Amino acid sequence: AIPVAILAQAYSCWPHCERGADPVMRVIAAFAGYSAVALECKITTGSSGDVITTTPDETCCAYQTHALFSIVARNLPAGMTWDMVGGMVGITACTVPAEMGACDDDPAHVADEATTETMSAYICNNWDTCNTNGMVSTGMAAQIGGSFAGDAGLASFCAAAGLAVPAAGAETTTVAPVTTTAAPVTTTVAPAAGGSTELSGAGGLGVAVAFAALAARVVV
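These numbers come from a predicted model, not from an experiment.

K.L.:
Is there a simple way to explain the overall build of the protein chain in this structure?
P.N.:
Helix and strand content of the protein chain: 8 helices and 5 strands. Sequence-ordered secondary structure for the protein chain, helices as α and strands as β, is α-α-β-β-α-α-β-β-α-β-α-α-α. Taken over 220 residues, the protein chain has a buried fraction of 43%. In the form shown here, the protein chain has an accessible surface area of approximately 10500 Å², with 58% of it arising from carbon and sulfur atoms.

As structure tokens, then:
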């Protein structure tokens, strides 16, 4: 029998363990029926702030990342461009692996509509396991993260897939992912040549206001 103290340690570990967590604890957690050990999913990190959540696997992390940025890019407030916002969170080239879908030209570098719909449908239909309930966001990126955390995220992903939000307690239909081998995506803002990526003064204020306006535009 596994000592109660060890079971308690494994239980406290599994909802937020990273890939490098103690493998013994991961095995014990699985053996004790504590579901799959969650992975830390870094949707974006950088001087503009972080958006991090936990997912059951790399596919869910990749789907949340690509679908989220596509939804954001397609719902910018008037006067904002994705070239500016995308560059600010480090997206300057297509981040969608070919085996998972394709990117758009406008808005650039994010999942195209078909890929966004497929990924969002997967999240919407598998919300019990692939959700954003544990999403944590900081800095100006919190304006994005706050719009996708918990129920707000469910509403946004389901809307992007053209699906109704599942009723609480309703049985969902599991949708198979396009691939199960996608690596998690982390976007990090690269420092500008000869300078810092910190935003300050009027420019920083403008970005903060833009994020606030963006939060109001995302489907909730």
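K.L.:
I would appreciate a short explanation of the environment of Leu39 in the present structure.
P.N.:
Of note, Leu39 is situated in strand 1 (residues 39–44). Taking C-alpha positions, Leu39 is 5.3 Å from Thr55, a pair spaced 16 residues apart along the chain.

K.L.:
Explanation requested: the nonpolar core in the structure shown.
P.N.:
Proteins that are soluble and globular tend to have nonpolar side chains buried together. Core analysis: the biggest nonpolar cluster contains 37 residues, and Ile43, Leu68, Phe69, Trp82, Ile123, Phe148 and Phe157 have the highest contact counts within it. Element by element, the count of residues in this core is highest for helix 3 (residues 58–73), at 10 residues.

K.L.:
I tried to follow the sheet that holds strand 2 (residues 51–55) on my own but got confused; where do I start?
P.N.:
Note: strands within a sheet are paired through backbone hydrogen bonds, in either parallel or antiparallel orientation. Spatially, the 3 strands line up as an open sheet ordered 1-2-5, and their pairing is antiparallel. With partners counted over all chains shown, the strands left at the sheet margins are strand 1 and strand 5 (136–137), one partner each. Inspection of the sheet shows strand 2 paired to strand 5 by 2 bridges, in the antiparallel sense. Across the sheet, the residue bridging to Val51 is Ser137, located in strand 5. Lying over the sheet, helix 3 contacts strand 1 and strand 2, oriented at roughly 20 degrees with respect to strand 1.

K.L.:
What is the right way to look at the packing of aromatic side chains in this model?
P.N.:
Given two aromatic rings, one states the distance between the centres and the angle between the planes to describe the pair. Overall, the coordinates contain 3 aromatic pairs when judged by the stated rule. Centroid distance Phe69 to Trp82: 6.5 Å. Interplanar angle 50 degrees. Geometry classified as tilted. In this pair, Phe69 sits in helix 3 while Trp82 sits in helix 4 (residues 82–88), placing the two residues 13 residues apart along the sequence. Here Phe69 and Trp82 have matching classes, each one buried. Ring centres 5.6 Å apart and planes at 50 degrees place the aromatic pair Phe148 and Phe157 in the tilted group. The same class applies to Phe148 as to Phe157, namely buried.

K.L.:
Looking at this structure, I do not really get the state of the cysteines. What am I missing?
P.N.:
Scanning all chains against the criterion turns up 4 disulfides. Two residues share a disulfide in this structure: Cys94 and Cys103, whose sulfurs sit 2.0 Å from each other. The sign of the S-S torsion, about 80 degrees, decides the handedness of the disulfide formed by Cys94 and Cys103: right-handed. In this model, Cys124 is linked to Cys158 through a disulfide, with the two sulfur atoms separated by 2.0 Å. Between Cys124 and Cys158, the S-S dihedral sits near 95 degrees, and the bridge is therefore right-handed. Of this pair, Cys124 sits in helix 5 (residues 113–125) while Cys158 sits in helix 7 (residues 151–160), placing them 34 residues apart in sequence. Judged by its relative accessible area of 0%, Cys158 falls in the buried class.

What counts and how
- Residues numbered from 1 in each chain as written.
- Predicted model: local features only at pLDDT ≥ 70, side-chain atom pairs only at ≥ 80, totals over all residues.
- Heavy atoms only, no water.
- Helix = DSSP H or I, 4+ residues; strand = E, 2+ residues; numbered from the N terminus.
- Buried < 20%, exposed > 50% of the residue type's maximum accessible area, 1.4 Å probe, protein only.
- Areas by Shrake-Rupley, 256 points an atom, 1.4 Å probe, with all protein chains shown as cover.
- Core = buried A, V, L, I, M, F, W, Y, C linked by side-chain atoms within 4.5 Å.
- Pairing = 2+ DSSP bridges.
- Contact = heavy atoms within 4.5 Å.
- Axes fitted to C-alpha atoms, helices over the stretch in contact; angles between N-to-C directions.
- Phe/Tyr/Trp six-rings, centres within 6.5 Å; stacked < 30°, edge-to-face > 60°.
- Disulfide = S-S within 2.5 Å.

Nothing here speaks to function; it is all geometry.
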